[in-house]
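Coordinates in review
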Amino acid sequence: MPFLGSASDLAPPATVLLNKEKQELTFLKEKLEWQKMKIEELEEERDFLCGQLSALTVQTPSEKAKTMTRAFQKHAIDRNTVVSTSAVGELAIAAPGVYEEVLAKKPCGETVLAFVKRCKAAIQGDEDVKEKMESMKAGGTLLPIRRSKPV
């Protein structure tokens, strides 16, 4: 009596299924590698921007530079980047507790720009923080970074 469903009968469908699974696995591995590279790029960008911001928030314009514009040029830092992200450093220095609250609510994958906007909103929503920042800028504790046009 012949054996029904021999190995040769099952081999083609199993091979097709196996090949499909291998292709999907390869695709998912490539996707994972791309995502890892993207995460590394974003982390490098974040670290670069944070480094630029912290260097300027802690430093005052040097005696030789005389102005912040010259200080930015001397250190090869884009003024617009500093201005647009300064709210993060200012909030962290002027109101560390508020900054920690904003940071604690940071969603996974949030962009630097979105985080800056949330920091600005926290500053605008708290008169005490705004007043403290203004007095710190007047006293030289914070750099007097201002936008040329109000937002």
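The coordinates are above.
Because the structure is predicted, anything quoted here is derived from the model rather than measured. Within every chain, residues take consecutive numbers counted from 1 along the sequence as written. At least 70 in pLDDT is required for a residue's local features to be given in this predicted model, at least 80 for side-chain atom pairs to be given and counted, and no such filter applies to totals for whole chains, interfaces and linings, which use all residues. Hydrogens and water molecules were not included; the side-chain quantities draw on all heavy atoms of the structure.

1. Some thoughts on the overall build of the chain
When you go through the chain residue by residue, the secondary structure sums to six helices and zero strands. All accessible areas in this document rest on Shrake-Rupley with a 1.4 Å probe, and a residue is counted as covered only by the protein chains that are shown. Put simply, the chain shows about 11,200 Å² of open surface, and 60% of that area lies on carbon and sulfur atoms. Strands are runs of DSSP state E lasting at least 2 residues, helices are runs of H or I lasting at least 4, and numbering of each runs from the N terminus.

2. Thoughts on helix H5 (residues 112-124)
Helical periodicity: at 3.6 residues per turn, an α-helix aligns residues three or four positions apart in one direction. Here the expected span of a helix is defined as 1.5 Å times the quantity of residues minus one. Here H5 spans 18 Å end to end across 13 residues, near enough to the 18 Å set by a 1.5 Å rise per residue. Burial classes: relative accessible area under 20% of the type maximum marks a residue as buried, over 50% as exposed, and values in between as partly exposed (1.4 Å probe, protein chains only). If you check which residues of H5 are buried, you get Phe115, Val116, Cys119, Ala122 and Ile123. Around the axis of H5, the buried residues are gathered within 120 degrees of arc, so they sit on the same side. The exposed residues of H5 that point more than 90 degrees off its buried face are Leu113, Lys117 and Gln124. Taken together, the buried residues of H5 touch helix H3 (79-94), helix H4 (96-104) and helix H6 (127-139). The arc refers to the directions leading from the helix axis to the C-beta atoms. The contact definition used throughout considers only heavy atoms, calling two residues in contact when any of these lie within 4.5 Å.

3. Some remarks on the nonpolar core
By nonpolar core is meant a set of buried Ala, Val, Leu, Ile, Met, Phe, Trp, Tyr and Cys residues that side-chain atoms within 4.5 Å join together. Of all hydrophobic cores here, the largest spans 17 residues; its most connected members are Val88, Leu91 and Cys119. Every element with two or more residues in this core is listed here: H3, H4, H5 and H6. Contact partners of leucine 91, with chain neighbours within four places excluded, come to Pro96, Val98, Tyr99, Val102, Cys119, Ala122, Ile123 and Val129. With six residues, the next largest nonpolar core counts Val82, Val83, Leu143 and Ile145 among its residues.

4. Focus on a negative patch on the surface
Each patch groups residues whose relative accessible area exceeds 30% and which form no salt bridge, using 9 Å between like charges and 5 Å between nonpolar side chains of Val, Leu, Ile, Met, Phe, Trp and Tyr. A pairing counts as a salt bridge when a side-chain nitrogen of Lys or Arg comes within 4 Å of a carboxyl oxygen of Asp or Glu. In this tally Asp and Glu are treated as negative and Lys and Arg as positive; neither His nor the chain ends contributes. Charge positions are represented by NZ for Lys, CZ for Arg, CG for Asp and CD for Glu. A contiguous patch of negative charge on the surface is contributed by Glu33, Glu40, Glu41, Glu43 and Glu44. Counting through the fold element by element, glutamate 41 comes out in helix H1 (residues 7-58). Among the residues examined, glutamate 41 registers a relative accessible area of 45% and is labelled partly exposed.

5. With respect to the packing of H3 against H5
Axis separation between H3 and H5 bottoms out at 8 Å; the angle between their running directions is 60 degrees. Relative to H5, the element H3 lies oblique. Where H3 crosses over H5, the handedness of that crossing is left-handed. Note on element contacts: H5 touches H3 through Val112, Phe115, Val116, Cys119, Lys120, Ala122 and Ile123, opposite Ser84, Thr85, Ala87, Val88 and Leu91. Throughout, the ten residues Ala, Val, Leu, Ile, Met, Phe, Trp, Tyr, Cys and Pro are labelled nonpolar, Asp, Glu, Lys and Arg are labelled charged, and all others, Gly among them, are labelled polar. Split by residue class, the contact of H3 with H5 holds nine nonpolar, two polar and one charged. With axes taken as lines fitted to C-alpha atoms, and helix axes fitted only over the stretch in contact, angles between N-to-C directions fall between 0 and 180 degrees. Working rule for angles: under 35 degrees goes down as roughly parallel, over 145 as roughly antiparallel, 65 to 115 as roughly perpendicular, anything else as oblique. A crossing counts as left-handed when the near helix is turned anticlockwise from the far one by less than a right angle, and as right-handed when that turn is clockwise.

6. Things to note about H6
Taking 1.5 Å per residue as the helical rise, H6 with its 13 residues ought to reach 18 Å, and the 18 Å between its terminal C-alpha atoms agrees with that figure. Taken together, the buried positions of H6 are occupied by Val129, Met133, Met136 and Lys137. Buried residues of H6 fall within an arc of 100 degrees about the axis and therefore sit on the same side. Opposite its buried face, H6 presents the exposed residues Asp128, Glu131, Ala138 and Gly139, each directed more than 90 degrees away. In this structure, the buried residues of H6 make contact with H3, H4 and H5.

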